[in-house]
Amino acid sequence: GRIMRKVGTILGGEGTMNHAKYVVVLTKGDKNVKNASSKNPGTVARAVEEQLRQTMEQNGVGYAPVVLTSSETRLGRDEVWKYLKLAAAR
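Cut-off values and rules
Residues numbered from 1 in each chain as written. Predicted model: local features only at pLDDT ≥ 70, side-chain atom pairs only at ≥ 80, totals over all residues. Heavy atoms only, no water. Helix = DSSP H or I, 4+ residues; strand = E, 2+ residues; numbered from the N terminus. Polar contact = N/O pair within 3.5 Å; in protein donor to acceptor, adjacent residues only side chain to side chain. Contact = heavy atoms within 4.5 Å. Core = buried A, V, L, I, M, F, W, Y, C linked by side-chain atoms within 4.5 Å. Buried < 20%, exposed > 50% of the residue type's maximum accessible area, 1.4 Å probe, protein only. pLDDT = per-residue confidence, 0-100.

(A) Broad picture of the side chain of D30. Position of D30 relative to the elements: it lies in the loop between β1 (24–26) and α2 (46–58). Side chain to side chain, D30 and S70 meet in a polar contact 2.7 Å long. Excluding anything up to four places from it in sequence, D30 contacts A36, P41, G42, S70, E72 and T73.

Here you go:
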């Protein structure tokens, strides 16, 4: 989805979304953007993204989807709900 591309290349991909055992949710996505809004909802620092990917691979969750969220701009809200619904359906 659109939100996951903001974090960078999707770690899993569309085909793995239904099989995710883990979903990494990054909060406070609006804090790295001055005057965050729905048109400019948020971002992740490149160093944070790289450290996250490295840590995920070291812990065997390298293909887990990553969702950047912000309660201020509602960034990632729909993606989080998608994964919650998938988990509830199991």
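(B) Representation of the nonpolar core. Counting 10 residues, the largest nonpolar core consists of V24, L26, V44, L52, M56, V61, A64, V66, L68 and L75. Within the residue set of this core, elements represented by two or more residues are β1, α2 and β2 (66–68). Among residues more than four places away in sequence, those in contact with V61 are Y22 and M56.

(C) Spotlight on the confidence of the model for the chain. Summing up the model confidence of the chain, the mean pLDDT is 75 and the portion of residues at 70 or higher is 78%. Counting interchain partners and residues more than four positions distant, the pLDDT-below-50 stretch residues 1–18 has 39 contacts.

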